[in-house]
Each structure stands twice: as C-alpha cells, then as structure tokens.
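For reference, the chains in residue letters:
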Amino acid sequence: MVLTSTFTPRNFREQSEKACHDATLRAVLDHATRYFMGKRGVALEAFADRDTHFARARAARLTALSRLPDLLEQLEQRATAAGTKVHWAHDAAQAREIVAGIARGCGAKVVVKGKSMVTEEIALNPALEADGIEVWETDLGEFIVQLAEEPPSHIIAPCIHKSRADVAALFREKLGLAGLSGQEDLEDSASIPELTLLARRALREKFLAADLGVTGVNIAVAETGSVILVENEGNIRMSTTCPPVHVAIMSLEKVAASLEDAADILRVLPRSATGQKMSSYVSVLTGPRRSGELDGARETHLVILDNGRSEILADAVLREALLCFRCGACLNSCPVYQTIGGHAYGSVYSGPIGTLLSSLLLPAKDTRDLPFGCTLCGACKKTCPLGIDHPKLMLRLRERVCAGSPGLASAAHTFLALHPLAYRLVMGAARAVDPHLNLLPRLPGLPSGLASFVDSRQPPELKKPFTAQLRNARKKRGGA
Amino acid sequence: MMSVDARQRILDTLRAGLATAPLTVPAPPARPASLPVGPDAWALLAEVLAPLDVRVRLAKTPAEAANHVADIARERGAQSYARWEHMPPALDMDDALAGLSRVLPDCCQTLAHVDIGLTFAQAALIDSGSLVLVAGRERPRAVSLLPPTHVCLVPRSALAPDVSALPELLRAHADASPSLPAGKLPSCLNLVTGPSSTADIELVLVRGVHGPGALDIVGLDWDI
Amino acid sequence: MRIKLMIPCLVEDCLPEIGLAVVSVLERLGCGVGHPKGQTCCGQMAFKTGDAAGARAQALRSLDVFAGPEPVVCPSGSCAKMLRTYPQLFEPGTPDHARALALAGRVVEFCEFVLTLPGAPDFGARLTARAALHRSCQLDGSDAPQRLLAAVHGLTLLEPERPERCCGFGGLFSLQFPAVSESLVEDKARELLALNPDILVSAEPSCLMNISGYLSRSGSPVRTLHAAQLLDLALNGALTGGVSWS
Ligand code: SF4
C-alpha cells in the first residue's frame, strides 16, 4: 500500500470517503484495532481498583491544568537547577528554531529521534534536514514510515498499514539490505523477526554515531524538574543514553505537579495504551549525567511548546482535551477510525481525540469538517481512562463551526423544498427543529450524500402520521 | 530574545485563561492501599514476568547466585560481559563468569559488542514486574540496554509492591540541593519491565528491537 | 398509572406503527397513555449540528408540551437522552433551567419504563422466533431492552459480535459521510445476519430505519421490529399498525 497524495484536514471528507473503499486498508485497520482493544480489554479486566486508579490519573491531569502556569514556572526553575536548559516556544516555528539552534551549537551531523507526536506537529525533521543534518526516526514503525516518506497512521503503531513485504521492499530499496543471509529476494524470504533485526543493526550504527537525541515527553515533573519517557523498544533510552546532547520537547500540558501524580499516571497509561502493566522501559531523567558517570547526555534541553494550547485553557468545556495523555485507546474504539484509519484525518492527531486537538490547534478554516465526521456514538468517552467526554466537546466544536458561517440558508431551503424525498428523509427526523432551515445548508455535501444514502438504504415511506392514526383508532374504539 | 517573549506570553495567556474559567479539582478517591510484600513475593514476581518470557531464578546463597549467572551465560552462549561496579561484595560475579571476557562499560561503543550486561536492581515492583535501576557513578545506563542479554540481580530487600513506591525510591537516591526541596534526583532512573519489544510490523511481537531481547533475573533470597 | 407519551418525529411521520405498538403495549399493561398535542422534535437535530439557540427554542416548546407530574415515556433512547440534556441548554438558576431539570427527571426510555411496571419483566408474552438485538449506542449502555426481551417466552435473543458498535447512522453524519456511514451499516448488518435471525429488534427507531433500510435494499428477508412492536406481537399475537419493512 503506497500513499501518494498528500493528506490535509481540509479534505477530511473526501479522504475518509475514499479510505472506505480501500479494502486492504479496511482489513488492516480491522485487525489492528481489534488487536489493541483485545489486549487492553484483558488488561483492564484484571486491573484491581481500576476505576479508582482512573480517577486518580484524571485528578493528576486536572491538577496539572488547574495550576498550569505556576507548575510550568516551577518546572523551569527545578529543571534548570538540575542542569537542564529550558526553552519556551510560542509556536512551531520557534520550536524548530530552538532545536535547530541547539543542533548547530553542538555541530550535529546526525540526529536520532524517539517517537514523538509533538515533533511531528512542529514538522521538525524537514527543518533539521534543511540544515544538512541526517535525521533518523528510531522507533521501528516511525523508521519504516520515514523510509516510505509517509506520515504515521496510528499513535501506537505508526506503520500498521504496511505489510512485511512492503517493509522488505523498503529496506531493500532505501537501505540496500539483502537480508541476513545475503539473499537478493528479501521480499520473499524475510520474516518479521529478521526485518526487525535488520532495522536494529541499521539503527544501532546511527545511535552510536549520533550527536544529538531528540524525544518528546510523556510527563514532566514540576516538583523535581524531571522528564519521564515511556516506550517499549529501547530507542528512547538509546537516544538519551548514547548521544552527548538530549533535547526533550513537551507540549505544555504534559506537566505533573508531583512524583506521586506522575506515578498515578504511570499506573494507568501503559495499561490503557497497550494492555501492559508497565511499558518495557520508563525513564525518569533529571538533568545531564553527573560527574563520574560513564554515559547519558552531557547536555540536556527541555523545550516547552505552546502552539495554540494556552488559548484553550479559557474554555471550560474544550480544555478537557488537554487532559489527554495519548494512550490511543479512543482511536481504536472509534467506529469511524476503525473504518478510515489515521491518514484520512490529514493531520498528526487522528481519531476522536485527534479531531478535537486538530480542531483546536489548526486554523479553523482547515478543520470545519472534522467535528462532523463523528456519529456521536460515545465509544470514545466510554473508553477514555481520563473520562474525557469527547462527544460533548465535539458538539461544542460544531457550535463554533456553525456560528462562524451564516448564510446559505435559503439555498438549502430551496433544495429541500424541491426534493420531497430529501425533505422527508432529512427533515422527517427533524422537521420542526428549524422552521427557517438555517442549519442544514451550512453542512457541506448534503445533496450528494443524500443520493448515496438512498442508494444503499431503502428510505422509509412517509406515512399517515402517528397522531392522526392514534386519534382515529381511539375514536373508533370510543364509538364501538 | 524571541523565546523570552514566548515565555511571558504563554504564562500570561494561561493565567488569563484560568481567570476567565477557574478550574477546581475535586478531591480524587484515596489511592488504593498497596498489597503487602509477603512471602509469596518472589512467586508473584515470577508469575507477572512469565508472559514476558522472563525467568526468575532464586538463589539462597551467593554461591547459588553465582551458579545461576554462570548458567545463564552458558545458555545464552555468551563470550563477554560488562557489569555494574556497584554490587554487594559477597557477590563475586567476575569469578562466576571467569570463562568470559569482561569489558569495561566505559562508553556505548564498547558496550555495543558485549554479550551480557549485568546489573543490580535498587527495587523490583511486584505488581508490574518492573526492575528499578538507578543510574550513577558505578551504574552506567547502557549496561542494561546495549548487550543482547540483560541479567539483573534483585535482592530480597528490594521487593516493593507497585509503582506508587517510585516517588520514595527517587527521593531516597536524591542528592541534597539548595535549590531543590526534594533534592536533586539521580540523572536517570529506569523501570525495566521485560525485554525490549515491538509489534510494529503486522502486530507480530518481536523481542529485542533496540534493547536486550533477553532478560534474566536472579533473586537473591537472603538478607543483604 | 398515567403517563405522557413522547413520540419522536421520525416515528410520527415515517414509523407510526412503532408509536401504535407502544400505545398498545402500555395500555395492555394497565397504563393510561396521554399523547400531548403540539409535539414536534426534541431539538436533537439542532443540538447535534451545533445550533444551540435552535435546540433551546425546541426545548422550551417541549417543556410546555410535557409539563405536569406524569412520567414522559419515549420509544427512543436518543430522544430521551436529548430531553435529559435540556438542563445543559439553560443558565443554572433560571426558571427554565429548573423546569428542564424537572422534565429530565421524569423522562424514561420505553423499555426502562416497562421494566418498572408491576409483574415485570415477565408479562406472559410469547413469541417463538430468533431475534437479533441491536443495542444501539444511543441507549448509553442501558441493558433494559435485553432484560425486557429476555423475558419473552419462546424468544431466542441473540447479540452480535460487537453489540454496542454504532450502526453508522448518526443523523446528518450519514448524509455528510455517506460512504463511511454505509461501511458501518454494512458491518452491522453482516454481524447481525451472521446470527441467522428471523427478526432484527432494537429500541432505537433511527438505528432501525438505518439498518432495515440497508437490509431491504440488499434484499434480506429479515423482518425489523422495534422492541415495542415485538412485545406487542408477543402479548397480543398481532402487530398493531403492521410492519415497517417486510
Ligand atoms: S482522549 Fe483518547 S488518547 Fe487521550 S487519554 Fe483519552 S482515550 Fe487516551
């Protein structure tokens, strides 16, 4: 499966409609989302005091938001005291400039990166590459999509859309690899463990040659100035252990007030993300290596990124989206995501939480369709360990979209008036909602959508209304 | 300075936001009490780790521990090892691994070619099967990361119930610092739970993608 | 017991037989059924498309229509839920907010309500058939339909693989994202038909319209009934108002 076009949130509707027709993609998504939901379900079933732990994790995240400015100042002060250089970035461009500056400062030629959505969000790689730096994604899935020059398709499993044959072909083409036994036909022979080992070898060299390691942050602890990184592969440990310089980039909401709050989050995050009691590796990093230590970065940086988030704190409903710790569970539970996958959303963040974050962080004109690509079934809300009420936020966003675009009312009115079937179908469910028909027309794509709907589903007939039938029946009975 | 402006701007916006829509956090339910560490702790640890293909071997004496480590080296076909200097004196691991060449863990480059990395856990969390490794002067981080096999010695005194023990563990290893009330935490603490793993290709689980593919634990079941 | 009936607009115009079955069942079980005049829509459509002002206007109207002490019974989980959402539309402390709270407290979904009647859940209803139940995400996880239908003698109640998965309707969603919606209803239909049922049953009219519309387009002979219709048939041996899709 090769992705050729570029995806944008602006084309969300077209992209999702198209994704539905890709049978291979649907099969892969079905398999992957069931796999994750299954593992998670088993883990949560066995999780003693689950709801209490969920509530504590939520409280830890809420506490962070409730004291966000103070905690960020404390984080800055304590991380600095521990020897980390702290930087603030108002937007993506500033963040890129800060990291590029650090890279220039240490004369970096090779950069290794741990999986991080926030570096995707700020489009860091092209900025570093423009400076002539080799940038390597080191998470296996990210490495594969990097070689393929594609965006990641899932928070937890960035390359679920690639088969082993796809990966083998990539390794042969892009890395010149011929397999462990030196065979030419890597595509036919390669097993998944073999491909993994090939990637391990290729990336080992990069880790050892790297001048700079860049990672995201799962939790930053204000109390101690530490950053906590959670992973399974060991690539993040490698990125913070081998290169002399480490830059951690955090979106500003990822702070926790105390080590206790961080521990409450760690109890829940791995279980919700992958069904593990703990991820293979959790690193708590505080400042650079101390004198006498033989490894670990000698120089550590922390970049605190805003990129639109601080504005959200003033909205009591929408700021719930900032609680998210990116476990990915709501994606896997979402019937729409299960059907269209991550790429269709056209931005770094996909699925229910991605719809919310993209709508909040990207320009409004590009994200109008996003909050409508949702049936409001509530599977996400039910799944989220932090109790985020995605449907409620989705409705709030719809309200924002509609408030921003008056007009067109009469066009729809005309359309519906001229198409009794449309009127029955659409308005049969809502005929008295909106006597002036202000609403429907603002929603794009209705005429063609209606055609497809009727194509696949027999619409009910318009019948003699219930009220009249009941009146008649009662009259008859009364008369009898 | 662009980023100084950024700092002020961000903090101002956040403060204005909280002033517009104050946020109070309802008190959460109390953290459930941790299970006590009882006589079955080793068995529980082994049970949690079994699905991760981690074997826990118990030793009653230093000599037994040495035998276990030697067995592991043989089973893994190891020729070389590196270890933390930080080990209780009673444990003569160099003697146990006398047939192998010992490599000093002075940098990642050398460790990349070593077969076994040997460490000594500061704690082990029974609930999740996590080893707690605190990095330091005689405890380089890469010993548990670069070699394909990681062997970890876990003293009985290190057994702890769950991740709620983490804050205390970190504070216990902190250095006093005038500007840091909780002290200056160690530069790195790792929770290690099973081998390095990935399922990125077709969701097929593979052990040992970047870190060790094998993790062996030797429990030191006496008072150290 | 006297109740007020809230009839969803979809039922009013397109699926009146569901409403008739509801009346038949409730009267048979001893309820006095009032059907207040002037009912239109609960405001759900406006609410879900981001028109809070429109939803508020609809809500005000419902507050008047359903004023009074009786329970308001509704054969649709999503409309019942909308009525329970009204307090969210008004400023706390205002009289309308207070009225909305009072109404929200009186609204009951049909199956939930029937389960509170004397003799529940076994009313001696009898129907020999295999019925596949679509739970509907709009019922917010309520198991009232299962509990109610499980008590029908002779009925084999079957649940599909992913019982709570959305059928893909989502109101306007089905028109704005028709291919996604169709993919979802296709999944749902496949999982339901795999149970080899005689009847497809649900307590949510909009889901029924969506799924049965798809089934009948694809030529499936499976009959689709609302829980109230199934109960009516099982209690009275006949369907008041006939079937919607055959
Ligand atoms: S919003 Fe989604 S990704 Fe975020 S914490 Fe909740 S379930 Fe996880």
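Above: the structure in question.
About the cut-offs
- Residues numbered from 1 in each chain as written.
- Chains lettered and ligands numbered in written order.
- Predicted model: local features only at pLDDT ≥ 70, side-chain atom pairs only at ≥ 80, totals over all residues.
- Heavy atoms only, no water.
- Helix = DSSP H or I, 4+ residues; strand = E, 2+ residues; numbered from the N terminus.
- Buried < 20%, exposed > 50% of the residue type's maximum accessible area, 1.4 Å probe, protein only.
- Contact = heavy atoms within 4.5 Å.
- Areas by Shrake-Rupley, 256 points an atom, 1.4 Å probe, with all protein chains shown as cover.
- Lys, Arg positive; Asp, Glu negative; His and termini not counted.
- Charge placed at Lys NZ, Arg CZ, Asp CG, Glu CD.
- Near = heavy atom within 4 Å.
- Nonpolar A, V, L, I, M, F, W, Y, C, P; charged D, E, K, R; others polar.
- Pairing = 2+ DSSP bridges.
- Axes fitted to C-alpha atoms, helices over the stretch in contact; angles between N-to-C directions.
- Parallel < 35°, antiparallel > 145°, perpendicular 65-115°, else oblique.
- Salt bridge = Lys/Arg side-chain N within 4 Å of Asp/Glu carboxyl O.
- Buried area = accessible area lost by both parts, 1.4 Å probe.
- Polar contact = N/O pair within 3.5 Å; in protein donor to acceptor, adjacent residues only side chain to side chain.
- Expected span 1.5 Å × (residues − 1).
- 1 Å grid on protein atoms, 1.4 Å probe; cavity = no way out; pocket = protein on both sides within 12 Å on 5 of 7 lines; lining within 4 Å.
- Points joined across faces, edges and corners; volume = space filled by probe spheres on them.

Asker: Report on the overall build of chain C, specifying residues and quantitative values.
Answerer: Of regular secondary structure, chain C possesses 12 helices and eight strands. Its C-alpha atoms give chain C principal-axis dimensions of about 55 × 45 × 25 Å. When the 246 residues of chain C are sorted by exposure, 67% land in the buried category. Sequence-distant contacts, at least 24 apart, represent 76% of the contacts inside chain C between residues at least 6 apart. Carbon and sulfur atoms form 53% of the exposed surface of chain C, whose accessible area is close to 8,000 Å². Considering chain C, the positive charge centre built from 21 side chains and the negative charge centre built from 24 side chains are found 2 Å apart.

Asker: Please give an account of the site of the ligand that cites residues and values.
Answerer: What surrounds the ligand is the set Cys-324, Phe-325, Arg-326, Cys-327, Gly-328, Cys-330, Ile-353, Cys-384, Pro-385, Leu-386, Ile-388 and His-390 of chain A. Its residues placed into classes, the shell around the ligand shows nine nonpolar, two polar and one charged.

Asker: How would you summarise the arrangement of the chains if you had to cite specific residues and measurements?
Answerer: Between all two pairs of chains that are in contact, chains A and B come out with the most contacts. Of all C-alpha pairs spanning chain B and chain C, none lies closer than 16 Å, and the two are not in contact.

Asker: A description of the sheet that holds strand S2 (residues 110-113) of chain A should follow, citing residues and the corresponding values.
Answerer: All names here are of chain A. Across the sheet, which stays open at both edges, the six strands sit in the order S1-S10-S7-S4-S2-S3 with parallel pairing between neighbours. At either margin of the open sheet sits one strand with a lone partner, and together these are strand S1 (84-89) and strand S3 (134-137). Direction aside, the axes of adjacent strands within the sheet are offset by 20 degrees on average. With four bridges joining them, S2 and S3 adopt parallel strand pairing. Note that in S3 the partner of Val-110 across the bridge is Glu-134.

Asker: Account for the packing of helix H2 (residues 23-45) of chain A against helix H13 (residues 259-274) of chain A, naming residues and giving values.
Answerer: All names here are of chain A. One way to put it is that H2 packs onto H13 with a least axis distance of 6 Å and a crossing angle of 140 degrees. Taken together, the axes of H2 and H13 are oblique relative to one another. In this structure, H2 contributes Phe-36, Lys-39, Arg-40 and Leu-44 to the contact, and H13 contributes Arg-271, Ser-272, Ala-273 and Thr-274. Partitioning the contact of H2 with H13 into residue classes produces three nonpolar, two polar and three charged.

Asker: Talk me through the pattern of salt bridges; I want residue IDs and the actual numbers.
Answerer: One pass over the structure, following the stated rule, counts 57 salt bridges over all chains. Residue Asp-369 of chain A is joined to Arg-13 of chain A by a salt bridge in which the shortest nitrogen-to-oxygen separation is 3.3 Å. Here Asp-369 of chain A is found in the loop between helix H17 (351-361) and helix H18 (379-383), whereas its partner Arg-13 of chain A is found in helix H1 (residues 12-20), with 356 residues between them in sequence. Glu-186 of chain C is paired through a salt bridge with Arg-26 of chain A; the nearest N and O atoms lie 4.0 Å apart. With one member in each of two chains, Glu-186 of chain C in helix H10 (residues 178-193) and Arg-26 of chain A in helix H2 form a pair that bridges those chains.

Asker: Now, about the interface of chain B and chain A: what can you tell me, with residues and values included?
Answerer: By a widely used convention, the size of an interface equals the accessible area lost when the partners come together. The partner chain A presents 101 residues to the 80 residues of chain B that form the contact. Of the roughly 7,900 Å² buried between chain B and chain A, counting both surfaces, carbon and sulfur atoms make up 61%. Sorting the residues of chain B by area buried against chain A places Ile-201, Leu-203 and His-210 of chain B first, and these three jointly supply 10% of that buried surface. If you look at where chain B meets chain A, you find 10 salt bridges. When the shortest N-O distance is used, the salt bridge between Arg-31 of chain B and Asp-264 of chain A registers 2.9 Å. Between chain B and chain A we count 44 residue pairs in polar contact (both at pLDDT 80 or more) in total. At the level of secondary structure, the elements contributing two or more residues to the side of chain B that touches chain A comprise helix H1 (2-20), helix H5 (108-111), helix H6 (166-172), strand S9 (188-192) and strand S10 (197-198) of chain B. Here the side of chain B that touches chain A gets 13 residues from one element, more than from any other, and that element is H1 of chain B.

Asker: A description of unusual backbone geometry should follow, citing residues and the corresponding values.
Answerer: In this structure, the amide linkage connecting Ala-120 of chain C to the following residue, Pro-121 of chain C, adopts the cis form with an omega of 0 degrees. By the element assignment, Pro-121 of chain C lies in the loop between helix H7 (110-114) and strand S5 (126-134). A positive phi angle is found at Asp-53 of chain B, which is not glycine, with a value near 60 degrees. Turning to its location among the elements, Asp-53 of chain B is positioned in the loop between helix H2 (41-49) and strand S1 (55-59).

Asker: Give a detailed account of the sheet that holds strand S6 (residues 153-158) of chain C, specifying residues and quantitative values.
Answerer: All names here are of chain C. The four strands are arranged S6-S5-S7-S8 in an open sheet whose pairing can be described as parallel. Pairing within the sheet leaves two strands with one partner each, and these edge strands are S6 and strand S8 (223-226). Pairs of neighbouring strands in the sheet enclose a mean axial angle of 35 degrees, with direction left out of account. Here four bridges tie S5 to strand S7 (residues 199-202), and the two strands are oriented parallel to one another. Looking across to S7, one finds that Leu-133 is bridged to Val-201.

Asker: Account for helix H9 (residues 164-175) of chain A, naming residues and giving values.
Answerer: All names here are of chain A. The terminal C-alpha atoms of H9, which comprises 12 residues, lie 15 Å apart, in line with the 16 Å expected from a rise of 1.5 Å per residue. Burial in H9 covers these residues: Val-167, Ala-168, Ala-169, Leu-170 and Phe-171. Just past H9, the residue Gly-176 takes up positive phi, approximately 65 degrees.

Asker: Go over the pairing of S6 of chain C with me, naming the residues and quoting the values.
Answerer: Strand residues, when the strand is regular, have side chains that alternate between the two faces of the sheet. Pairing geometry for S5 of chain C and S6 of chain C, over five bridges, is parallel. Bridge assignment links Ala-129 of chain C to a residue of S6 of chain C, and that residue is Leu-155 of chain C.

Asker: Which residues make up the layout of surface pockets, and what values do they have?
Answerer: Volume-wise, the second largest pocket comes out at about 1,500 Å³. Around the second largest pocket, the lining comprises 50 residues; the ones closest to its centre are Gly-378, Ala-379, Lys-381, Lys-382 and Thr-383 of chain A. Secondary structure elements with two or more residues in the lining of the second largest pocket: H2, helix H3 (50-66), helix H15 (329-333), helix H16 (335-340), H18 and helix H19 (390-403) of chain A together with helix H3 (44-48) and helix H5 (77-85) of chain C. With eight residues, the top contributor of residues to the lining of the second largest pocket is H2 of chain A.

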